[in-house]
Amino acid sequence: IISIQPQLAMKRKASGPEEADSLKLEVSLPSGRYESVVVSQFARLSDLKIAAQQSLGQRFLRLAAPDGRLLDQTGSLELSGLQNGDSLAAIALQPKIAATCRAFALWVV
């Protein structure tokens, strides 16, 4: 389980009084592989994405809510409508790179 507090990522076992302010979410890849992620209900969606990336070992992910909408990582978890126990879909994105002798570009499709 990966636990994340706003602006702070760390691994820990889910226990203690701070659980009242936390959400436990299941994040799954299309392959069926899934991980439990615990985040503060006051975290940003970008914090949730980082926790999912770390727990699934995928650097480029997009998260979808249970209703199928893609989550905007600039929003807050509190306003996203996600609830404790929700299952999210994680879509692995394919990074692309192009380079010249003086520059390079990396983007995700």
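A quick note: this is a predicted structure, and the numbers were derived from the prediction, not measured. (Residues numbered from 1 in each chain as written. Predicted model: local features only at pLDDT ≥ 70, side-chain atom pairs only at ≥ 80, totals over all residues. Heavy atoms only, no water.)

Bringing helix H1 (residues 45-56) into the picture now. An α-helix turns once every 3.6 residues. As a result, residues three or four positions apart point the same way. Between the first and last C-alpha of H1 there are 16 Å, a value that for twelve residues agrees with the 16 Å anticipated at 1.5 Å per step. Counting buried positions over the twelve residues of H1 gives nine, a clear majority of the element. The positive-phi residue at the C-terminal boundary of H1 is glycine 57, with phi of around 70°. (Helix = DSSP H or I, 4+ residues; strand = E, 2+ residues; numbered from the N terminus. Expected span 1.5 Å × (residues − 1). Buried < 20%, exposed > 50% of the residue type's maximum accessible area, 1.4 Å probe, protein only.)

Val27, Val39, Leu48 and Leu82 are the most contacted members of the largest nonpolar core, which totals 19 residues. For this core, the secondary-structure elements that each account for two or more residues are strand E3 (22-28), strand E4 (34-40), H1, strand E5 (61-64) and strand E6 (87-92). No other element matches the five residues that H1 contributes to this core. In this structure, valine 27 is in contact with Arg33, Tyr34, Glu35, Val37, Ala52, Leu56, Leu63, Leu88 and Ala90, ignoring residues within four places of it in sequence. (Core = buried A, V, L, I, M, F, W, Y, C linked by side-chain atoms within 4.5 Å. Contact = heavy atoms within 4.5 Å.)

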